[in-house]
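Structural overview for review
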Amino acid sequence: MKSERTLVIIKPDGIQRALIGEVIKRYERTGLKLVAMKMTVATEDMIETHYSVDPNWKMVTGQKAIDAYRKKGMVPPSENPLELTAIILKKLRKYMSSGPVVAMVWQGMNAVGVVRKITGSTEPLTSDVGSIRGDLTIDSYQMADTDERAVRNLVHTSGSTDDAAKEIALWFKDGELINYKLVQEAILYDVNLDGILE
Ligand code: ADP
Ligand code: MG
């Protein structure tokens, strides 16, 4: 579990909002270890492959959008989750390839869950206070729909360890992941704290 890994991408809006440092700081201070990082411009096809690694993503994401409409007393544009996701994916291809992104791999105990918690839920308007999406931006499903674009929520994070493994393999070559020790891992993971007092 100490070697669990997750993929984080600071999306084009995160770069344009000058939030690279702020976002990295929030993950770094948890104790997770940064083991790979690069700036790149993704192609639209790369983005489609990225969102296709999880076979359930299309169904879950479409349903999440439908539920969000209903919760606000609005009528969803379609009752079919897959129809909604097809539209979202088209918008995502454009959004995620519109400028540079920073891709990173974070490693440590429960890395996937810890990163999801700090990031917050998909829609910034309803993301928890204290989360990256809740604190640092203001977008909503409604605004994104009005402007016919993807929800701009600053960061992507893997949804499960399975997705993480597939996404990391897509964005990084083996040699780009660095194995190294951090001194703070002794405090985070060692059973005994013998040897601190002199
Ligand atoms: P998350 O990034 O929180 O894991 P999803 O995997 O469900 O969210 O969706 C991927 C990305 O697609 C979101 O981060 C967001 O940028 C965009 N998105 C999701 N749902 C919608 C929607 N209903 N309308 C517009 N964009 C959306
Ligand atoms: Mg997701």
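One can find the structure itself at the top, above this paragraph.
Residues numbered from 1 in each chain as written. Chains lettered and ligands numbered in written order. Predicted model: local features only at pLDDT ≥ 70, side-chain atom pairs only at ≥ 80, totals over all residues. Heavy atoms only, no water.

1. Here we look at empty space enclosed by the protein
- Per the counting criterion, the structure on display carries one cavity of 30 Å³ or more.
- Estimates place the volume of the largest cavity at around 50 Å³.
- In terms of lining residues, the largest cavity is bounded by A65, A68, Y69, K72, M74, Y141 and Q142.
- Contributing elements (two or more residues each) for the lining of the largest cavity: α4 (57-71) and α8 (141-146).
- At three residues, the largest contribution of residues to the lining of the largest cavity is made by α4.
- Its residues assigned to classes, the lining of the largest cavity comprises five nonpolar, one polar and one charged. (1 Å grid on protein atoms, 1.4 Å probe; cavity = no way out; pocket = protein on both sides within 12 Å on 5 of 7 lines; lining within 4 Å. Points joined across faces, edges and corners; volume = space filled by probe spheres on them. Helix = DSSP H or I, 4+ residues; strand = E, 2+ residues; numbered from the N terminus. Nonpolar A, V, L, I, M, F, W, Y, C, P; charged D, E, K, R; others polar.)

2. Here's the deal with the sheet that holds strand β3 (residues 101-107)
- On the basis of which strands lie adjacent, the open sheet formed by four strands has the order β2-β3-β1-β4 and antiparallel pairing. Among the strands making up the open sheet, the edge pair consists of β2 (33-40) and β4 (155-157). When strand polarity is set aside, the average angle formed by the axes of neighbouring strands in this sheet is 15 degrees.
- Inspection of the sheet shows strand β1 (residues 5-10) paired to β3 by six bridges, in the antiparallel sense. Residue R5 lies in a different strand from β3, and its bridge partner there is Q107.
- Against the sheet, helix α2 (residues 20-28) touches β1, β2, β3 and β4, its axis set at about 10 degrees to β3. (Pairing = 2+ DSSP bridges. Axes fitted to C-alpha atoms, helices over the stretch in contact; angles between N-to-C directions. Contact = heavy atoms within 4.5 Å.)

3. With respect to the site of ligand 1
- For ligand 1, the set of nearby residues contains 17 residues, the closest of which are W57, T122, R133, V151 and N153.
- For ligand 1, an oxygen atom lies 2.9 Å from a polar atom in the side chain of K11.
- At a separation of 3.0 Å, an oxygen atom of ligand 1 approaches a polar side-chain atom of K64.
- Contact with the protein chains removes 95% of the 530 Å² of surface that ligand 1 exposes when unbound.
- When atoms are counted within 2 Å of each cavity's grid points, the one that captures over half of ligand 1 is the largest pocket.
- Element by element, the count of residues in the shell around ligand 1 is highest for α4, at four residues.
- Considering only residue class, the shell around ligand 1 consists of nine nonpolar, three polar and five charged. (Near = heavy atom within 4 Å. Polar contact = N/O pair within 3.5 Å; in protein donor to acceptor, adjacent residues only side chain to side chain. Areas by Shrake-Rupley, 256 points an atom, 1.4 Å probe, with all protein chains shown as cover. Sits in = over half its atoms within 2 Å of the grid points.)

4. Quick notes on the side chain of S140
- Among the structural elements, S140 can be located in the loop between α7 (132-136) and α8.
- Residue class for S140 comes out buried when judged on its relative accessible area of 8%.
- A polar contact of 3.0 Å, which involves the side chain of S140, links it to the backbone nitrogen of M143.
- When neighbours within four sequence positions are excluded, S140 is seen to be in contact with E123, L125 and V151. (Buried < 20%, exposed > 50% of the residue type's maximum accessible area, 1.4 Å probe, protein only.)

5. Concerning the environment of A68
- With respect to the helices, strands and loops of the structure, A68 is situated in helix α4.
- The spacing of A68 and I9 is 59 residues in sequence and 24 Å in space, taken between C-alpha atoms.

6. Some details on the packing of aromatic side chains
- In total, this model carries two aromatic pairs according to the counting rule given.
- Between the aromatic rings of Y27 and W106, the centroid separation amounts to 6.0 Å while the plane-to-plane angle is 50 degrees, which identifies the pairing as tilted. Remark: W106 occurs in strand β3 and Y27 occurs in helix α2; sequence separation between them is 79 residues.
- Here W106 falls in the buried class, since its relative accessible area comes to 1%.
- One Lys or Arg, K33, reaches over the ring of Y180 and ends 5.1 Å from the middle of that ring.
- Taking the ring centre of F172 as reference, the NZ or CZ of K38 above it sits at 4.8 Å. (Phe/Tyr/Trp six-rings, centres within 6.5 Å; stacked < 30°, edge-to-face > 60°. Lys NZ or Arg CZ within 6 Å of the ring centre and 35° of its normal.)

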